[in-house]
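# Remarks on the overall topology
Single-letter residue listing:
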Amino acid sequence: MKKKIAELENDFITFIQYGRLILNCTESEIREHFSEDEITVPSDPNTNKLMEIRLSYGTLTCQFNDDNICSSGFLFFDDSILFNVYREICNDQCEIVCTNVWKYDNYYIMLKSYISEFYFTFCLQQNGDGSLM
């Protein structure tokens, strides 16, 4: 377990780079950073445009606005242990804005939950109540 935590701490730069690689970028700009076999574009006319990137340990989902610019990203891990480890690493490496919300460089990272699933959100702006938009 300690070895896995040490590996994740070393991998923190990769984790935070996902925000840099996707936020405020077009779909084609994001595609430059990932191989085509990792990328899926779900087709659902009832939702905003999404692009999913399959990573070795989870899925990075990009949400695009009407201008085809990625306005937010969601990182879902396959292994639930990763959430607690990355939360602690965020506490150590990032500016704490409020509980489970951090600022790193010019973007925000938030740990969110839906039912029993946890995921991280990357975005460029924060609401006054601590939520991200």
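Shown above is the structure to which this text applies.
The rules behind the values
For every chain, the first residue of the written sequence is number 1, and numbering continues from 1 onward in sequence order. Where totals are concerned, whole chains, interfaces and linings use all residues; where local detail is concerned, this predicted model gives features only for residues with pLDDT of at least 70, and gives and counts side-chain atom pairs only at 80 or more. Each side-chain value is derived from all of the structure's non-hydrogen atoms; neither hydrogens nor water enter the calculation. Centres within 6.5 Å make a pair out of two Phe, Tyr or Trp rings, where for Trp the six-membered ring is used; the pair is then stacked when the planes are under 30 degrees apart, edge-to-face when over 60, and tilted otherwise. To qualify as a helix, a DSSP run of H or I must reach at least 4 residues; to qualify as a strand, a run of E must reach at least 2; elements of each kind are numbered from the N terminus. Using a 1.4 Å probe on the protein chains alone, a residue whose accessible area is under 20% of its type maximum counts as buried, one over 50% counts as exposed, and one in between counts as partly exposed. Whether two residues are in contact is decided by their heavy atoms: any pair within 4.5 Å suffices. Two strands pair if DSSP finds at least two bridges between them. One less than the residue count of a helix, multiplied by 1.5 Å, gives the span that helix is expected to have. The reported arc concerns the directions from the helix axis to the C-beta atoms and nothing else. Salt bridges are defined by distance alone: a side-chain nitrogen of Lys or Arg within 4 Å of a carboxyl oxygen of Asp or Glu. Each nonpolar core is a collection of buried residues, namely Ala, Val, Leu, Ile, Met, Phe, Trp, Tyr and Cys, held together in the definition by side-chain atoms within 4.5 Å.

## Quick notes on the packing of aromatic side chains
For the structure shown, the criterion picks out 8 aromatic pairs. Arranged with centres 5.7 Å apart and planes meeting at 25 degrees, the rings of Y57 and F77 form a pair that is stacked. In this pair, Y57 sits in the loop between β2 (50-55) and β3 (58-64) while F77 sits in strand β4 (residues 70-77), placing the two residues 20 residues apart along the sequence. The residues Y57 and F77 share a single accessibility class, namely buried.

## With respect to the environment of F77
Overall, the relative accessible area of 7% leaves F77 in the buried class. In contact with F77, other than residues within four places in its own chain, are F15, Y57, G58, L82, F83, Y86 and F120.

## Notes on the sheet that holds β4
The strand order across the open sheet built from 8 strands is β1-β2-β3-β4-β8-β7-β6-β5, with neighbouring strands paired in antiparallel fashion. Each end of this open sheet is capped by a strand with a single partner; those strands are β1 (39-40) and β5 (95-98). Here strand β7 (residues 107-114) runs beside strand β8 (residues 117-123); their pairing, made up of 7 bridges, is antiparallel. By the bridge assignment for β8, Y108 is matched with C123.

## A short note on helix α4 (residues 81-93)
Along an α-helix, residues three or four apart share an orientation, since each turn contains 3.6 residues. Taking 1.5 Å per residue as the helical rise, α4 with its 13 residues ought to reach 18 Å, and the 18 Å between its terminal C-alpha atoms agrees with that figure. Within α4, the full set of buried residues consists of L82, F83, V85, Y86, I89 and C90. Taken down its axis, α4 places every buried residue within 165 degrees of arc, on the same side.

## Digging into the pairing of β3
Of all the 7 residues making up β3, 6 are buried; the element is thus mostly covered by neighbouring parts of the structure. Pairing of β2 with β3 involves 6 bridges; the strand directions are antiparallel. Its bridge partner being in β3, M51 is matched across the sheet by C62. Once β2 ends, the chain turns through 2 residues before running back antiparallel as β3. Two elements, β3 and β4, share 7 bridges in a ladder whose sense is antiparallel. Counterpart to C62 in the pairing with β4 is G73. Between β3 and the antiparallel strand that follows it, β4, lie 5 residues; N68 among them carries a positive phi value of about 65 degrees.

## Comments concerning the pattern of salt bridges
This structure, assessed with the given rule, holds 5 salt bridges. R31 is paired through a salt bridge with E36; the nearest N and O atoms lie 2.8 Å apart. One connected set of salt bridges, linked through shared partners, spans E27, R31, E36 and K49.

## Description of the nonpolar core
Judged by nonpolar contacts, the single largest core of 33 residues is most densely connected at F15, I30, I109 and F120. Counting residues per element, the ones that place at least two in this core are α2 (12-22), β2, β3, β4, α4, β6 (101-104), β7 and β8. When residues in this core are grouped by element, the largest group, 6 residues, is from α4.

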